[in-house]
Amino acid sequence: MNYDIIIIGAGLSGCSAAIQLGQLGYRVLLLEQNHYPIHKLCGEFLSIEVIEIFAKLGILDRVRTLGAQPIHRAYLTTASGASFRSQLPSTALGLSRYQLDLMLFERAQSLNVHCQDLTKVAGVSGDLAKGFLVSTNKGNFTSRLVIGAFGKRSPLDRSLARQFIQQKSPWIAYKGHFTGVDIQDVIELHSFPNGYCGLSQIETGEINVCWIAHQRVMQEELDPELKIPKSLGQNPVLADRFRNMQQTSVNLQGLSQITFALKGNFYNDICMIGDTAGMIAPLCGDGMAMALRSAEIAVPLVSQFLNGEVNVNNINKFKQNYAIAWQREFQTRLQLGRAMHNCFVQPVLAHLGVNICHAFPFLGSWIIGATRGGAGQSKF
Ligand SMILES: Cc1cc2nc3c(=O)[nH]c(=O)nc-3n(C[C@H](O)[C@H](O)[C@H](O)COP(=O)(O)OP(=O)(O)OC[C@H]3O[C@@H](n4cnc5c(N)ncnc54)[C@H](O)[C@@H]3O)c2cc1C
């Protein structure tokens, strides 16, 4: 075998797994189709639970030096004019994916990890008993184990014939960086018919603007003044933000077919982490923390396998242990996230929900806290 382990995708979960397995001394190959740095579609709002993980991965000082923006408050509004302000349960951070993914990739490169970018994986064959063959545009590689960390949706899902890829999803998202409004120390979430939009500051001082909407919103005519689909302009606060903002990104990033389905922890004996296993609704702002955490859950089990503690007779038990650990940690959060997403995109439910949070602030704060993992004693 060329490698002990091949990791497909050098996003947050893939880099995190590569760094940890590299630190343990395994022969790791990390494959990424893009070349960093690149802008990625994301709200760029990080839960505090990532701080401890950044420290373990050895990037916390760099995150601090870059000037990640601390965020302490949330502001929710609806198209009907309802609003709710709350303290976040703990400090969150605004940091661009342009910097974060690069930082993690460079950290993996600095360890004993073979990192290969501009390498697109086209197929994977083999199994845990015999080993794997990974085919790419740069040739074939072999390993004892493969981790799938290739994100929300990839052509690789189709070539592996994963079931979720057969189902169409109507959710489309866009993201860009803007200036012109003063949004400091707060994550703003503005609901509009069939979607919502998040705004928060990143390390450059720019505002990251990211919205997700049903495809029918994206088919609407643009508001002639605001140059956004008319539904977004139905939220008066959001309309006001767009009236005053100027886009600094050259292009907006866009992504369609976003699904919140559970996709499975193992598929064809490939261990899935991050969004490849399942993504939480963006409203919760916890997907990046979950991606990093899922790598933390997988690594000790993968290490047991590579150490020879798993044999052909207990491979199923090994796969089951990962599924149980993953579900124990994420299942409730994912369900709550889906329910919140479904409420926030429907004007009547969004109005009702935000008004209830306004009347009972402790309930609103509890819901915000329940969509994320423990903050521990993390300080930034
Ligand atoms: C609209 C929206 C807003 C969001 N906002 C937030 C937020 O504010 N806060 C938050 O915490 N989370 C947010 N998320 C979720 C978050 O972006 C993801 O959960 C997180 O990026 C998952 O990381 P990952 O490592 O699983 O995947 P990714 O970061 O997507 O990495 C996957 C990598 O795999 C590579 N890849 C794919 N296919 C191949 C292939 N065949 N060969 C080689 N490489 C391949 C890709 O290029 C990519 O680099 C948001 C999601 C959406 C959709």
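Treat the numbers as computed from the prediction; the structure is a model and nothing was measured.

Chemist: Before we move on, can you summarise the nonpolar core with the specific residues and values?
Modeler: Grouped together as the largest cluster of nonpolar side chains are 82 residues, with contacts concentrated most on Ile7, Leu30 and Ile147. Formed by 27 residues, the second largest nonpolar core is a distinct cluster that contains Phe84, Tyr196, Met279 and Cys357.

Chemist: Which residues make up unusual backbone geometry, and what values do they have?
Modeler: Here the amide bond leading from Tyr36 into Pro37 is cis, since omega sits at 5 degrees, within 30 degrees of zero. Topologically, Pro37 is positioned in the loop between strand 2 (28-31) and strand 3 (45-46). Of note in the backbone geometry, Glu44 takes a positive phi value of approximately 60 degrees without being a glycine. Counting through the fold element by element, Glu44 comes out in the loop between strand 2 and strand 3.

Chemist: Quick rundown of the site of the ligand? Include the residues and the values.
Modeler: Taken together, the neighbourhood of the ligand is formed by 38 residues, with Glu32, Gly43, Phe45, Arg97 and Asp275 sitting nearest. Here an oxygen atom of the ligand sits 2.8 Å away from a polar atom, N or O, in the side chain of Lys40. Measuring from an oxygen atom of the ligand, one finds a backbone N or O atom of Met288 at 2.8 Å. Here the ligand, which alone exposes 1,000 Å², has 96% of that area covered by the protein. Along the lines of polarity and charge, the residues of the shell around the ligand split into 18 nonpolar, 12 polar and eight charged.

Chemist: Quick one: what's the story with the packing of helix 11 (residues 347-359) against helix 12 (residues 361-370), residue by residue and with numbers?
Modeler: At a closest axis distance of 4 Å, the pairing of helix 11 and helix 12 adopts a crossing angle of 115 degrees. Contacts from Ile356, Cys357, His358 and Ala359 of helix 11 reach helix 12 at Pro361, Leu363 and Gly364.

Chemist: I'd like to hear about the packing of aromatic side chains, residue by residue, with values.
Modeler: Each aromatic ring pair is described using two quantities: the centre-to-centre distance and the angle formed by the ring planes. For the coordinates displayed, the defined rule picks out 10 aromatic pairs. In this structure an aromatic cluster arises from ring pairing among Tyr174, Phe178, Trp211 and Phe242. For the cation-ring pair, Arg85 lies above Tyr75, with the distance from its terminal atom to the ring centre recorded as 3.8 Å. A cation over an aromatic ring shows up here: Arg162 above the ring of Tyr267, its NZ or CZ 5.9 Å from the ring centre.

Chemist: Describe the pairing of strand 11 (residues 186-192), naming the residues involved and giving the relevant values.
Modeler: Along any regular strand, the residues point their side chains to alternate faces of the sheet. In terms of burial, strand 11 is largely enclosed, as seven of its seven residues are buried. Neither face of strand 11 is left uncovered, since the one carrying Val186, Glu188, His190 and Phe192 and the one carrying Ile187, Leu189 and Ser191 both have all their residues buried. Relative to strand 11, strand 4 (residues 69-77) is paired through five bridges, and the arrangement is parallel. Its bridge partner being in strand 11, Tyr75 is matched across the sheet by Glu188. Here strand 11 folds back onto strand 12 (residues 195-201) in antiparallel fashion, the turn holding two residues, of which Asn194 has a positive phi close to 70 degrees.

Chemist: Any chance you could break down empty space enclosed by the protein for me, citing the residues and the numbers?
Modeler: Applying the stated rule across the entire model yields one cavity of 30 Å³ or more. Lining the largest cavity are Gly274, Asp275, Gly278, Ile280, Gly287, Met290, Ala291, Ser294, Trp326 and Phe330. For the lining of the largest cavity, the secondary structure elements donating two or more residues are helix 9 (287-306) and helix 10 (315-344). Of the residues forming the lining of the largest cavity, the biggest block, four residues, is contributed by helix 9.

Rules behind the numbers
Residues numbered from 1 in each chain as written. Predicted model: local features only at pLDDT ≥ 70, side-chain atom pairs only at ≥ 80, totals over all residues. Heavy atoms only, no water. Core = buried A, V, L, I, M, F, W, Y, C linked by side-chain atoms within 4.5 Å. Buried < 20%, exposed > 50% of the residue type's maximum accessible area, 1.4 Å probe, protein only. Helix = DSSP H or I, 4+ residues; strand = E, 2+ residues; numbered from the N terminus. Near = heavy atom within 4 Å. Polar contact = N/O pair within 3.5 Å; in protein donor to acceptor, adjacent residues only side chain to side chain. Areas by Shrake-Rupley, 256 points an atom, 1.4 Å probe, with all protein chains shown as cover. Nonpolar A, V, L, I, M, F, W, Y, C, P; charged D, E, K, R; others polar. Axes fitted to C-alpha atoms, helices over the stretch in contact; angles between N-to-C directions. Contact = heavy atoms within 4.5 Å. Phe/Tyr/Trp six-rings, centres within 6.5 Å; stacked < 30°, edge-to-face > 60°. Lys NZ or Arg CZ within 6 Å of the ring centre and 35° of its normal. Pairing = 2+ DSSP bridges. 1 Å grid on protein atoms, 1.4 Å probe; cavity = no way out; pocket = protein on both sides within 12 Å on 5 of 7 lines; lining within 4 Å. Points joined across faces, edges and corners; volume = space filled by probe spheres on them.

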